[in-house]
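Listed below, chain by chain, are the residues.
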Amino acid sequence: MKWFGKKKSASRQVNILEHKVPHHVAVIMDGNGRWAKKRGLPRIAGHHSGMKTVKKITIAADEIGVKILTLYAFSTENWSRPRDEVDYLMKLPQQFLALELKELIEKNVQVRIIGWREGLPDYTLRALDEAVEKTKHNTGLILNFALNYGSRKEMIEAMKTMFTDVQKGEIQLEQIDEMMYAEYLQTSGLPDPDLLIRTSGELRLSNFMLWQLAYTEFWFTPQYWPDFSQDDFFDAIEQYQQRIRRYGGL
């Protein structure tokens with residue numbers, strides 16, 4: 001058994017079994033607004049600070065061998081937030097990638113996006129498209145942003161496309177099973193998350209990867225996302241490794 005030793009970024013000994021590192025970690029990055037309010041700051045200050053946490057956790061995940069990190073960045077329901085907040089959130093991908101894309105390329109990280117392009121500003125799309133294009137041949141950590149994403153919409157659209165293929169005769173109704181249905185989801189080609197982390201103390205999924213999280217291990221923390229540290233991330237990994245995943249069996 002190989003253990004990871006103390007990390008430079010950690011303030012304590014990190015005891016993580018290399019062979020039990022989760023392949024795919026998904027994160028609901030929650031609490032930016034409440035973090036800012038607690039400090040008497042505008043909500044956008046929380047989102048700006050949360051952007052820095054994205055980098056820290058991406059580094060931590062890559063450091064211990066996580067293969068896929070999916071971050072819930074903006075949901076289909078988030079459009080109902082105040083206009084100035086939405087406008088700022090739409091600028092964050094541009095800001096983040098302007099600062100970090102070069103290093104992501106150097107670290108062999110591949111950027112992917114799930115969600116819907118419709119409604120996203122041109123400057124957001126340009127930044128995302130550039131990141132995806134420039135990292136598409138990278139073979140390291142997959143940094144997968146869920147932007148303008150909602151799981152119910154994803155499942156409905158998958159069903160529509162599948163039914164259309166049935167009508168065209170491209171697939172037969174009798175062929176449809178869980179594996180085929182998963183190929184119609186936006187996460188096609190990616191394994192389901194092994195671990196879901198949600199910050200801020202909320203205990204719900206908020207329309208995030210409802211199909212994919214069927215047998216995922218959940219880990220909740222009261223920490224707001226801007227306060228979520230690499231040590232917190234390692235805590236989640238260590239606790240995950242102590243669990244026994246039975247998938248409905250014994």
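This section reports on the structure supplied with the text.

Conventions and cut-offs
- Residues numbered from 1 in each chain as written.
- Predicted model: local features only at pLDDT ≥ 70, side-chain atom pairs only at ≥ 80, totals over all residues.
- Heavy atoms only, no water.
- Phe/Tyr/Trp six-rings, centres within 6.5 Å; stacked < 30°, edge-to-face > 60°.
- Helix = DSSP H or I, 4+ residues; strand = E, 2+ residues; numbered from the N terminus.
- Lys NZ or Arg CZ within 6 Å of the ring centre and 35° of its normal.
- Axes fitted to C-alpha atoms, helices over the stretch in contact; angles between N-to-C directions.
- Parallel < 35°, antiparallel > 145°, perpendicular 65-115°, else oblique.
- Left-handed = near helix turned anticlockwise from the far one by under 90°.
- Contact = heavy atoms within 4.5 Å.
- Nonpolar A, V, L, I, M, F, W, Y, C, P; charged D, E, K, R; others polar.
- Salt bridge = Lys/Arg side-chain N within 4 Å of Asp/Glu carboxyl O.
- Buried < 20%, exposed > 50% of the residue type's maximum accessible area, 1.4 Å probe, protein only.
- Pairing = 2+ DSSP bridges.
- Expected span 1.5 Å × (residues − 1).
- Polar contact = N/O pair within 3.5 Å; in protein donor to acceptor, adjacent residues only side chain to side chain.

### Some thoughts on the packing of aromatic side chains
The description of an aromatic ring pair uses the distance of the two centres, along with the angle that the planes make with each other.
Then comes step 1: Summed over all chains, the structure comprises 12 aromatic pairs.
Then comes step 2: An angle of 85° between the planes, with centres 6.1 Å apart, marks the rings of Tyr149 and Phe208 as edge-to-face. Residue Tyr149 is located in strand β4 (residues 142-149), and its partner Phe208 is located in the loop between β5 (195-198) and β6 (217-220); the two are separated by 59 residues in the primary sequence.
Then comes step 3: Among the aromatic residues, ring-to-ring pairing joins Tyr72, Trp116, Tyr149 and Phe208 into one connected group.
Then comes step 4: Sitting over the face of the ring of Trp116, Lys153 holds its NZ or CZ atom 4.9 Å from the ring centroid.

### So, the packing of helix α2 (residues 43-64) against helix α7 (residues 230-241)
Then comes step 1: Relative orientation of the contacting elements α2 and α7 amounts to 45°, with a least axis distance of 9 Å. Regarding the angle of α2 to α7, the classification is oblique. Relative to α7, the crossing made by α2 is right-handed. Between α2 and α7, the residues in contact are Lys56, Ile57, Ile59, Ala60, Ala61, Glu63 and Ile64 and Gln230, Phe233, Phe234 and Ile237, respectively.
Then comes step 2: Its residues placed into classes, the contact of α2 with α7 shows 8 nonpolar, 1 polar and 2 charged.

### Overview of the pattern of salt bridges
Then comes step 1: Considering all chains together, one arrives at 17 salt bridges under this definition.
Then comes step 2: Among the salt bridges present, the one from Lys55 reaches Glu100, with a minimum N-O distance of 3.2 Å. Linking Lys55 in helix α2 with Glu100 in helix α3 (residues 83-106), this pair joins segments that are 45 residues apart in sequence.
Then comes step 3: Since its relative accessible area comes to 28%, Lys55 is described here as partly exposed.
Then comes step 4: Each of Asp30, Arg34, Arg198, Glu202 and Arg204 takes part in one network of salt bridges that share partners.

### Section: unusual backbone geometry
Then comes step 1: With a phi close to 55°, Asn148 is a non-glycine residue in the positive phi region.
Then comes step 2: Inspection of the secondary structure puts Asn148 in strand β4.
Then comes step 3: Given a relative accessible area of 3%, Asn148 falls into the buried group.
Then comes step 4: Of note in the backbone geometry, Ser206 takes a positive phi value of approximately 50° without being a glycine.

### Concerning the sheet that holds strand β3 (residues 110-114)
Then comes step 1: Ordered in space as β3-β4-β2-β1-β5-β6, the 6 strands form an open sheet in which the pairing is parallel. Both edges of this open sheet fall to β3 and β6, since each of them pairs with a single strand only. Geometrically, the sheet is characterised by an average inter-axis angle of 20° between neighbouring strands, direction not taken into account.
Then comes step 2: As paired strands, strand β2 (residues 68-75) and β4 are joined by 7 bridges and run parallel to one another. Each residue of the ladder has a partner; that of Ser75, found in β4, is Tyr149.

### Quick notes on the pairing of β5
Then comes step 1: Of the two faces of β5, the one carrying Leu195 and Ile197 and the one carrying Leu196 and Arg198 are both buried.
Then comes step 2: By the bridge criterion, 4 bridges tie strand β1 (residues 24-28) to β5 in an arrangement that is parallel. If you follow Ala26 over to β5, its bridge partner there is Leu196.
Then comes step 3: When β5 meets β6, the two strands line up parallel, connected through 4 bridges. Within the sheet, the bridge partner assigned to Arg198 lies in β6 and is Phe220.

### With respect to the environment of Ala60
Then comes step 1: Examined against the element boundaries, Ala60 turns out to sit in helix α2.
Then comes step 2: On a C-alpha basis, the gap between Ala60 and Asp231 in space is 8.9 Å, while along the polypeptide they are 171 residues apart.
Then comes step 3: When sequence neighbours within four positions are dropped, the list of residues in contact with Ala60 reads Gln230, Phe233 and Phe234.

### As for α7
Since one α-helical turn is 3.6 residues long, residues separated by three or four positions face the same way.
Then comes step 1: Taking 1.5 Å per residue, 12 residues should reach 16 Å; α7 reaches 17 Å between its end C-alpha atoms and fits that length.
Then comes step 2: In this structure, the buried residues of α7 make contact with β1, α2, β5 and β6.
Then comes step 3: The N-terminus of α7 is capped by Ser229, whose side-chain oxygen sits 3.3 Å from the backbone nitrogen of Asp231.

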